[in-house]
Amino acid sequence: MVAGRGVRGKRRLELTAQSGRYRGTPALLAAIVGATATAHARLQGSEPRGGARVAPASTGMLLGWTSVALLANVAGAAGAASPADPRTRRLATLAVAAAGAALTTAVGRSRRAAAPLAATSAWGFGAIALASPVRGVRLAGTLATAGVLGALAQRWRGARSRSARAALLLG
């Protein structure tokens, strides 16, 4: 957001970011999310050694961050295009809710690096919940934040050994 521009300037900036040379950002982010989700899922059954031990945590953080970035790009473009349209508001709310459910499930199923995935997801959903002018999006973002953190807490309680807890933190 450009300083001194307020909400109107922010909407122009969001619309500009989704047009012209940045028009492909959501598609690029979707491809990154898909590849990262596949890598994160495959790493759940592995026992990485040496330098590869950082791979689960890295992919967990990247998956959480890019998932929320994709959501913010799509919702931002839709909101900037027609912020008062009730259909756009509903779609944005559903998108946040669906992403929250998907990332909560991913955290709940992660044996390795659930904490980095939960941390980046919760940070992103929390930011969306605080910044959105749409009440439904704020509520969905708040519930998504609670969902990913709750899933992490449940995984943590279920991890009985130090090594299982370490795997949740770092992979």
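Before reading on, note that the structure itself is shown above.
Now for a look at the structure at hand. (Residues numbered from 1 in each chain as written. Predicted model: local features only at pLDDT ≥ 70, side-chain atom pairs only at ≥ 80, totals over all residues. Heavy atoms only, no water.)

### Here's the deal with the overall build of the chain
So, step 1. For the chain, the count of helices and strands is seven helices and zero strands.
So, step 2. Counting over 171 residues, the chain shows a buried share of 37%.
So, step 3. Considering only intrachain contacts with a sequence separation of at least 6, the fraction spanning at least 24 residues in the chain is 73%.
So, step 4. Surface summary for the chain: the accessible area is close to 9,800 Å², and the carbon and sulfur share equals 64%. (Helix = DSSP H or I, 4+ residues; strand = E, 2+ residues; numbered from the N terminus. Buried < 20%, exposed > 50% of the residue type's maximum accessible area, 1.4 Å probe, protein only. Contact = heavy atoms within 4.5 Å. Areas by Shrake-Rupley, 256 points an atom, 1.4 Å probe, with all protein chains shown as cover.)

### Side note on the pattern of salt bridges
So, step 1. Inspection of every chain in the model, using the stated rule, returns one salt bridge.
So, step 2. Between Glu47 and Arg112 there is a salt bridge whose closest N-O contact spans 2.7 Å. In this pair, Glu47 sits in the loop between α2 (25–43) and α3 (55–81) while Arg112 sits in the loop between α4 (86–109) and α5 (114–131), placing the two residues 65 residues apart along the sequence. (Salt bridge = Lys/Arg side-chain N within 4 Å of Asp/Glu carboxyl O.)

### A closer look at the environment of Thr105
So, step 1. Inspection of the secondary structure puts Thr105 in helix α4.
So, step 2. Given the relative accessible area of 37%, Thr105 is considered partly exposed.
So, step 3. It is 8.0 Å that separates the C-alpha atoms of Thr105 and Val148, two residues lying 43 residues apart in sequence.

### A closer look at the side chain of Arg112
So, step 1. Here Arg112 falls in the buried class, since its relative accessible area comes to 6%.
So, step 2. A distance of 2.7 Å separates a polar atom in the side chain of Arg112 from a polar atom in the side chain of Glu47.
So, step 3. Leave out the neighbours within four places in its chain, and Arg112 touches His40, Leu43, Gln44, Ser46, Glu47, Pro48, Pro56, Ala167 and Gly171. (Polar contact = N/O pair within 3.5 Å; in protein donor to acceptor, adjacent residues only side chain to side chain.)

### Considerations on the nonpolar core
The nonpolar side chains of soluble globular proteins are, as a tendency, buried together.
So, step 1. One finds Val96, Val107 and Phe125 to be the most contacted residues of the largest nonpolar core, which totals 28 residues.
So, step 2. Contributing elements (two or more residues each) for this core: α2, α3, α4, α5 and α6 (135–158).
So, step 3. At seven residues, the largest contribution of residues to this core is made by α5.
So, step 4. Dropping the residues within four chain positions of it, Val96 is found in contact with Leu71, Phe125, Ile128, Val137, Ala140 and Gly141. (Core = buried A, V, L, I, M, F, W, Y, C linked by side-chain atoms within 4.5 Å.)

### So, α5
So, step 1. Compared with an ideal rise of 1.5 Å per residue, which puts 18 residues at 26 Å, α5 spans 26 Å between its outermost C-alpha atoms and is within 8% of the ideal.
So, step 2. Counting buried residues along α5, 13 of its 18 residues qualify, which places the element largely inside the surrounding structure. (Expected span 1.5 Å × (residues − 1).)

### Considering unusual backbone geometry
So, step 1. In the Ramachandran plot, Ala113 falls in the positive-phi region, its phi being about 55 degrees despite a non-glycine side chain.
So, step 2. Among the secondary structure elements, Ala113 is positioned in the loop between α4 and α5.
So, step 3. Using a relative accessible area of 0% as the deciding quantity, one classes Ala113 as buried.

### Comments concerning α4
So, step 1. Helix length check: α4, at 24 residues, gives a terminal C-alpha distance of 35 Å against a target of 34 Å (1.5 Å per residue), a fit within 8%.
So, step 2. The set of residues buried in α4 consists of Thr88, Ala92, Val96, Ala99, Gly100, Leu103 and Val107.
So, step 3. The N-capping residue of α4, defined by a side-chain oxygen 3.2 Å from the backbone nitrogen of Arg87, is Asp85.

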